[in-house]
Amino acid sequence: MEKKFGLMVFIVLMLAACESDTATVPADVGDEANWQTPAMPQPQTLWTEGDTRIAVSIGGDLLLDDQVLQQGNFETLDGRRQEDGSVRLVSVDRSRNEAVLFALQDNALTELQRIPAPAYQINGLCLYRDSQSLLSVFLLDERGGADQWLLDDSRQPRKLRHLVMPPDAEFCAVDDARAALYVSEETVGLWRYQADPEQDPERELLDLLAPRGNIRESASGLAVIPGGVALLDKEAGDLHLYRFADDRHHRYTVPELDEPERLAAAHDGETLNLYAVDDGDHGARRLDLAWQADPVVTDTMTMVEPSAQTDTVALFGDAADDPAIWLNRQNPSASRILGTDKKAGLHVYGLDGKETQFLAAGRLNNVDVRYDVDVAGRRHDIAVATNRDHNSLHLFLIDPLTGALEDAGQIATGLEEIYGLCLYQDEQGLYAFPNGKSGAIEQWLLQAEGNTLQGRLVRKLTVASQPEGCVADDDSGRLFVGEEDKAVWVFPAAADQPADAQQVVAISERLHADIEGLALYRKGGQHFLVISSQGNNSFVLVDAEPPYSWRGRFRIGMNVAQGIDGVSETDGLEVTSANLGGFYTEGLLVVQDGRNRLPQAPQNFKLVPWTAIDHALRLSEQGSGHE
């Protein structure tokens, strides 16, 4: 898929959202409520869960109820309960402008680490625990941004990414189950962002200030509640509850507080406890409501970790696309990864991810490799890529001993918008299957003539809409083609066979559009088709033999120990079952990563040992397909 999210599109969407008169839902105004004054010292801010209440005092100390945990000059606070019952807390040390991670266990507080002071004053913060149970913190920049930092008890904090935020944003909260980051903009309203760094930085306007929305004067403190989010309007003295399941929103008047600015919430399964904290010296008020939690349906699946990643391409944006693996038959550990760059050319990497060569060949999209081709009396390995500058096949000769590539020229095709490509080799010769955005697929016979390779069009195939990913099985004579929004199809690959297609697997709840990269894994009795399910950042395995049984799906998560981020929005991929040594004794999967984090950087390719996939999906144990 070509990614068309740019600054102008983002601005247009935001302006459209701001112009919408339907950004909010009807309000139940002025709901009656029984507010109480909790027995606790005057808090500056508060975090609570169950019976645990931790506060920052007016003087800046950290308190557990009325017990001083840590003296200091702290401000703002968020926390998460760990599996062992301890609590991780983050607050801002105002004397040093540093966010500090603490562990609270058995009523004792331990400082674990500090995030280096940024070049801006930290305006606020909130924590997020992701599907891997990894903890990160969003630090709000008063100038209009947020930095997301990965927190880990045993390692120094590492920056994941930077987000554009409303200027002067002070309050945020994250719903971990929905990976939703809520941010209030005082003079505009309530926003929702994607908290997961592997998602696009899109935002949605949930409510506006009057007269277009339900917030009367200002958007202030936030807290996540089961099934929704709560917001304070400090100027009007209102508490807003947004519940998404029934599309309703309730408003309560907060009594006896001049400016109820900060908010905390706790839920015990039946009762919701909400604490509104005054910006002055009027303390806090608590509201208890009967509140049933709504079930959260999440698309969870098996996670594997990458073992390495390549150097990045040069430019940000949608650049890296499709990899191929060249096997060094004399020394498999010296094999190479070829990666296309849609803005510049072809990158060549070692198995350690370091770039060994770059060929400035233009806008190359997809690439594939075959072996042992006679050109001018010498045996060469061959790489072929689609060149979008010229709608051509771009050929490269590979030295079988060193893996060094040299440009071998181009062959013009009949495609108007060339896109994907794969190679096929049988007793008749070497073939290239380029495809175009129209659904057209061409089959070209590549033959040596003198010192060059020439091409001859021998067959045409088609699918109904845009394809890209394809892979040909030299052993079985099958050509698999991914029609991005529909299905994976299989054709006979031989040039003298009919152009009839059979459906392998269609778009469904388990396989999400766009269907992108395709690759084949064959070893012993295992023969799998690997598919990039781009729409939900996952990878699907089916048998590569009829009846193409389902084998499972997985995601590629973060490798914290190696400092490698997870994988999202994958375009191309490649796999080999060859023993490459090291981590890759059973083979290697290479995937393009559409969003490169930890830190935010141009795109690259991630490497995953096949043993991790085999173990995660229990492939060696399966007698029949199952998820």
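Owing to the predicted nature of the structure, the values given are computational and were not obtained by experimental measurement. (Residues numbered from 1 in each chain as written. Predicted model: local features only at pLDDT ≥ 70, side-chain atom pairs only at ≥ 80, totals over all residues. Heavy atoms only, no water.)

Participant: Which residues make up the state of the cysteines, and what values go with them?
Facilitator: Going through the model one piece at a time under the given rule, you end up with 2 disulfides. Two residues, C126 and C172, share a disulfide whose sulfurs are 2.2 Å apart. Residues C126 and C172 share a disulfide whose torsion about the S-S bond is about -115 degrees; that sign makes it left-handed. Taken together, the residues span a long stretch of sequence, with C126 in strand β11 (residues 122-129) and C172 in strand β15 (residues 171-175) at a distance of 46 residues. Across the pair, exposure class does not vary: C126 and C172 are buried alike. Taken in N- to C-terminal order, the disulfide-linked cysteines of the chain are connected 1-2, 3-4. (Disulfide = S-S within 2.5 Å. Helix = DSSP H or I, 4+ residues; strand = E, 2+ residues; numbered from the N terminus. Buried < 20%, exposed > 50% of the residue type's maximum accessible area, 1.4 Å probe, protein only.)

Participant: Lay out the environment of D372 with the relevant residues and their values.
Facilitator: Relative to the helices and strands, D372 is located in strand β32 (residues 364-375). Here the alpha-carbon distance between D372 and H615, two residues 243 residues apart in the chain, equals 34 Å. The residues contacting D372, other than those within four sequence positions of it, are R329, R379, H380 and D381. One polar contact links D372 to R379, side chain to side chain, over a distance of 2.9 Å. (Contact = heavy atoms within 4.5 Å. Polar contact = N/O pair within 3.5 Å; in protein donor to acceptor, adjacent residues only side chain to side chain.)

Participant: Give a detailed account of the packing of aromatic side chains, specifying residues and quantitative values.
Facilitator: Scanning the model with the defined rule gives 10 aromatic pairs in all. Taking the ring centre of W191 as reference, the NZ or CZ of R203 above it sits at 3.8 Å. When the ring centre of W291 is taken as reference, the NZ or CZ atom of R243 above it lies at 4.5 Å. (Phe/Tyr/Trp six-rings, centres within 6.5 Å; stacked < 30°, edge-to-face > 60°. Lys NZ or Arg CZ within 6 Å of the ring centre and 35° of its normal.)

Participant: Quick one: what's the story with the environment of F358, residue by residue and with numbers?
Facilitator: Take F358: it is sitting in strand β31 (residues 355-359). Along the sequence, F358 and D341 sit 17 residues apart, while their C-alpha atoms lie 10.0 Å from each other. Apart from residues lying up to four places away in sequence, F358 is in contact with A344, G345, L346 and H347.

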